[in-house]
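# Structure assessment
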Amino acid sequence: MGVETAPGRPSKVPALLAGAVLLVLTTTLPYLTLINAVLFAGIIASGSAAAWYYIMRHQVRLEHGEAFVLGAMSGLVGGALSVLAAYLLEKWFGYIPGLESLQLLVAWASRLAPEEAPNFQQMLALVTAPKEISLSDLLVSMLLTGMFYAPFSGLGGRLTVFVLKRKAKKKV
């Protein structure tokens, strides 16, 4: 799964990996996962970071479509790595990424709707229950999560190009 580059263009792999790493961080680090509760902001930011890194590092122009594809590829890879990281963290250390954020959201929702508190507690119990996952389930989950994150991350790449082009027009 390589990233195509136009003739004479530098490789997009480092930018793709930078965006993927940012996505993994925003989906696994405690409390940083809360950023994704706001319209997937961390996932969008990862695609934005990938496009920004590529443009600034190599001083090249990207079209909106190219930036979307770069961001989407970053989201696909980052989503897959995020699921793998979450699986390994739970398996080796018993840590479930995002659990702190979920507990905060459950506490907040329980205060807003006290009559629904038992339902929220039941949902939290389901998430924290021990589970076994097969290798095929893990791979499917990695693929589906990557496919889900890809458009949001691609949107971030496209937004970066939009903002940079507007700034360039203002300077002229």
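In the block above lies the structure referred to throughout.
Throughout what follows, the structure given in this document is the object of discussion. All of these numbers come straight from a predicted model, not from anything done at the bench.

### Some points on a nonpolar patch on the surface
- Together, Val21, Leu25, Leu29, Leu32 and Ile35 line one region of the surface with nonpolar side chains, adding up to about 370 Å² of accessible area.
- Classification of valine 21 as partly exposed rests on a relative accessible area of 49%.

### Notes on the packing of aromatic side chains
- Under the counting rule described, the total for this entry stands at 4 aromatic pairs.
- With a centroid separation of 5.4 Å and 55° between ring planes, the pair formed by phenylalanine 148 and phenylalanine 152 is classed as tilted. Taken together, the residues span about one helical turn, with phenylalanine 148 and phenylalanine 152 both in helix 6 (residues 135-171) at a distance of 4 residues.
- These aromatic residues form a ring-pair network of at least three members: Phe40, Phe148, Tyr149 and Phe152.

### What about the packing of helix 1 (residues 13-28) against helix 3 (residues 64-93)?
- Two elements in contact, helix 1 and helix 3, have axes separated by 7 Å at closest approach and are oriented at 45°. In terms of axis orientation, helix 1 runs oblique to helix 3. Helix 3 is crossed by helix 1, and the crossing has right-handed handedness. For the pair helix 1 and helix 3, the contacting residues are Ala15, Leu16, Gly19, Ala20, Leu23, Val24, Thr27 and Thr28 in the first and Leu70, Met73, Ser74, Gly75, Val77, Gly78, Gly79, Leu81, Ser82, Ala85 and Leu89 in the second.

About the thresholds
Residues numbered from 1 in each chain as written. Predicted model: local features only at pLDDT ≥ 70, side-chain atom pairs only at ≥ 80, totals over all residues. Heavy atoms only, no water. Patch = residues over 30% accessible without salt bridge, like charges linked within 9 Å, V, L, I, M, F, W, Y side chains within 5 Å. Areas by Shrake-Rupley, 256 points an atom, 1.4 Å probe, with all protein chains shown as cover. Salt bridge = Lys/Arg side-chain N within 4 Å of Asp/Glu carboxyl O. Buried < 20%, exposed > 50% of the residue type's maximum accessible area, 1.4 Å probe, protein only. Phe/Tyr/Trp six-rings, centres within 6.5 Å; stacked < 30°, edge-to-face > 60°. Helix = DSSP H or I, 4+ residues; strand = E, 2+ residues; numbered from the N terminus. Axes fitted to C-alpha atoms, helices over the stretch in contact; angles between N-to-C directions. Parallel < 35°, antiparallel > 145°, perpendicular 65-115°, else oblique. Left-handed = near helix turned anticlockwise from the far one by under 90°. Contact = heavy atoms within 4.5 Å.

Just distances and angles here, no functional claims.
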